[in-house]
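Observations on the three-dimensional arrangement
As a plain string of letters, each chain reads:
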Amino acid sequence: MAGSAVVVGAGVGGLATAIGLRRAGWHVTILERRAELERYGTAFGIHPTAQAALDRLGVGDAFRARALPYRDGRIRTPDGKVMARLPLERIERRAGRPELLISRPYLLDALLGALDVPVRYGENVSDAAALVEGPDLVVGADGINSAVRTAAFGTRSGVRQVGTVTWIGIADFETGVYGETWGRGRFFGMTPIEPGRTNWYAAAPEATTAAGLRDRFAGWHEPIPRVLAETDPASWIRYEMRHLFPALPTFVRGGRVALVGDAAHAMTPNLGRGACTAILDAEALTRAIARYGRAGLPSALRAYDTERRRSAQRVAFGSRTLHRLMSTERSRLRDSLVRLIPA
Ligand SMILES: Cc1cc2nc3c(=O)[nH]c(=O)nc-3n(C[C@H](O)[C@H](O)[C@H](O)COP(=O)(O)OP(=O)(O)OC[C@H]3O[C@@H](n4cnc5c(N)ncnc54)[C@H](O)[C@@H]3O)c2cc1C
């Protein structure tokens, strides 16, 4: 007999999990608190390992139809000198396929297109403990402030601010200059996103307002001032950089609850791997469930935890470390080290 699961959250992690569970023949209910999917349009870099997981979930072709290769990004100083290259060539050489960039709404559309059950919108799960009484499995894919995590694991691991705010936006022109520019206590990034547009993000100390952002990057190399001047601050989105701390001792509980994505290991976005790890979690969890079946659910959850926890937490730690480096005030020392990175 097929198992039944409730997936809380319809972000990348929740949708990918629901797809995998459906492919394993499970009954799935997806509860999403929003009235509709949030369609902010930042570009996600999707690493080849996560692309392979999307292939295994049957979403690879739909994903690739809207994705662009990311092959050339450099790390610059605020006056525009190149210090190093992002490791995009190395990623492509090792994996045999490039890192791909996709606008977040397009990735969600690709996932939704592969799903044969509806998302139940407007369902805010406030009592996740009560939820666990019903189905065989509850998957917490409810992001950094996960109610499922709090119900299953308490509040020892919680959301921590890291002292930086990120503003993100899309410019309506192609800058042709991609990568990141690292200054003292702040950095600016630009990536392709789709023809005729550029995805950008700007990180600065937490007190930085939209009105103050242009001043923070005044005098930096072009096209940074142009990008900020020619995008409407009303369209910018503000993120406080946060992560989950301390790391959880397990992603599963009681043979019936599993966490995926930011709910399990929210990380600062510096490595650009949060969505990738959510996809890898979802694929690994549902592959284990397909293998062990409903009767073997506790074994499946253990196998998932063994496969994913350390790996995801290493990425989160790396991202936090990179955040420290990128936002340090001691930029001269950092820049000397960055210049030692082989091209
Ligand atoms: C500026 C920025 C750039 C990034 N760039 C990249 C990148 O290049 N590559 C990459 O891989 N990652 C990137 N990330 C990380 C990525 O955005 C996240 O890690 C990823 O989206 C997490 O997906 P998720 O499904 O786990 O959580 P979320 O996307 O947060 O989804 C959680 C869902 O659960 C819903 N929900 C929450 N609480 C409840 C509740 N109680 N009841 C019901 N529903 C609920 C929410 O409404 C939401 O829809 C970036 C992040 C930021 C901020």
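Note that this is a predicted model, so its numbers are computed, not measured. In this numbering scheme, every chain counts its residues from 1 along its sequence in written order. Residues qualify for local features only when their pLDDT is at least 70, as the model is predicted, and side-chain atom pairs are given and counted only at 80 or more; totals for whole chains, interfaces and linings, by contrast, use all residues. As a convention, hydrogens and water are excluded, and side-chain values are obtained from all of the structure's heavy atoms.

**Quick look at the layout of surface pockets**
Residues are said to line a cavity or pocket when one of their atoms sits within 4 Å of a point; the points come from a 1 Å grid over protein atoms alone, cavities being sets where a 1.4 Å probe fits but cannot get out and pockets being open sets with protein on both sides within 12 Å along at least five of seven lines. Grid points are joined across faces, edges and corners, and a volume is the space filled by probe spheres set on the points. Approximately 260 Å³ is the volume found for the second largest pocket. Around the second largest pocket, the lining is made up of 14 residues, and of these His243, Leu244, Phe245, Ala247 and Phe317 lie nearest the centre. Numbering of helices and strands starts at the N terminus; helices are DSSP runs of H or I of at least 4 residues and strands are runs of E of at least 2. Taken together, the elements giving at least two residues each to the lining of the second largest pocket come down to β14 (237-245), α10 (262-265) and α12 (297-326). Looking at the lining of the second largest pocket, the element that brings in the most residues is α12, giving five residues. Three classes are used: nonpolar for Ala, Val, Leu, Ile, Met, Phe, Trp, Tyr, Cys and Pro, charged for Asp, Glu, Lys and Arg, and polar for all others, with Gly counted as polar. Class assignment of the residues belonging to the lining of the second largest pocket gives a composition of nine nonpolar, three polar and two charged.

**With respect to the nonpolar core**
Side-chain atoms within 4.5 Å are what join buried Ala, Val, Leu, Ile, Met, Phe, Trp, Tyr and Cys residues into a set we call a nonpolar core. Each residue is assigned to one of three classes by its accessible area relative to the maximum for its type, calculated with a 1.4 Å probe on protein chains only: buried under 20%, partly exposed between the two thresholds, exposed over 50%. Core analysis: the biggest nonpolar cluster contains 85 residues, and Ile46, Leu107, Leu111 and Leu137 have the highest contact counts within it. For this core, the element with the highest residue contribution is helix α11 (residues 274-292), accounting for nine residues. Working rule for contacts: check all heavy atoms of both residues, and any pair within 4.5 Å makes them a contact. When neighbours within four sequence positions are excluded, Leu137 is seen to be in contact with Ser4, Ala5, Val6, Leu21, Trp26, Arg256, Val257, Ala258, Ile289, Leu297 and Leu301. Of all hydrophobic cores here, the second largest spans 22 residues; its members include Phe173, Met190, Phe217 and Trp236.

**Concerning the site of the ligand**
Summary of the distance rule: residues count as near a molecule or strand when at least one heavy atom falls within 4 Å of that molecule or strand. Inspection of the region around the ligand gives 30 residues, with Glu32, Gly45, Asp262, Gly272 and Ala275 positioned closest. Arg34 is positioned with one of its side-chain polar atoms (N or O) 3.4 Å from an oxygen atom of the ligand. A distance of 2.8 Å separates a nitrogen atom of the ligand from a polar atom in the backbone of Gly272. Considered on its own, the ligand offers 1,000 Å² of accessible surface; in the complex 88% of this is hidden by protein. By residue class, the composition of the shell around the ligand is 13 nonpolar, nine polar and eight charged. For this analysis, a polar contact is any N or O atom pair within 3.5 Å, provided that within protein one partner can donate a hydrogen and the other can accept it, and provided that sequence-adjacent residues contribute only side-chain to side-chain pairs. Using a 1.4 Å probe, accessible areas were evaluated by the Shrake-Rupley method; residue-level cover was limited to the displayed protein chains.

**Here's the deal with the side chain of Thr328**
The residue Thr328 is located in the loop between α12 and α13 (331-338) in this model. Only 3.0 Å separates the side chain of Thr328 from the backbone nitrogen of Arg330, close enough to count as a polar contact. Leaving out residues up to four positions away in the same chain, Thr328 has contacts with Gly183, Arg184, Gly185 and Arg334.

**Quick look at the sheet that holds strand β16 (residues 257-259)**
Ordered in space as β8-β2-β1-β9-β16-β15, the six strands form an open sheet in which the pairing is mixed. Of all the strands in the sheet, the pair left with one neighbour each is β8 (119-121) and β15 (252-253). Where strand β1 (residues 4-8) and strand β9 (residues 137-140) come together, four bridges link them in parallel fashion. In the sheet register, Val7 faces β9, and the bridge partner there is Val139. In this analysis an axis means a line fitted to C-alpha atoms, helices contributing only their contacting stretch, and an angle means the value between N-to-C directions, from 0 to 180 degrees. Here α12 sits on the sheet in contact with β9, β15 and β16, set at roughly 20 degrees to β16. Strands pair, by our definition, only if DSSP identifies at least two bridges between them.

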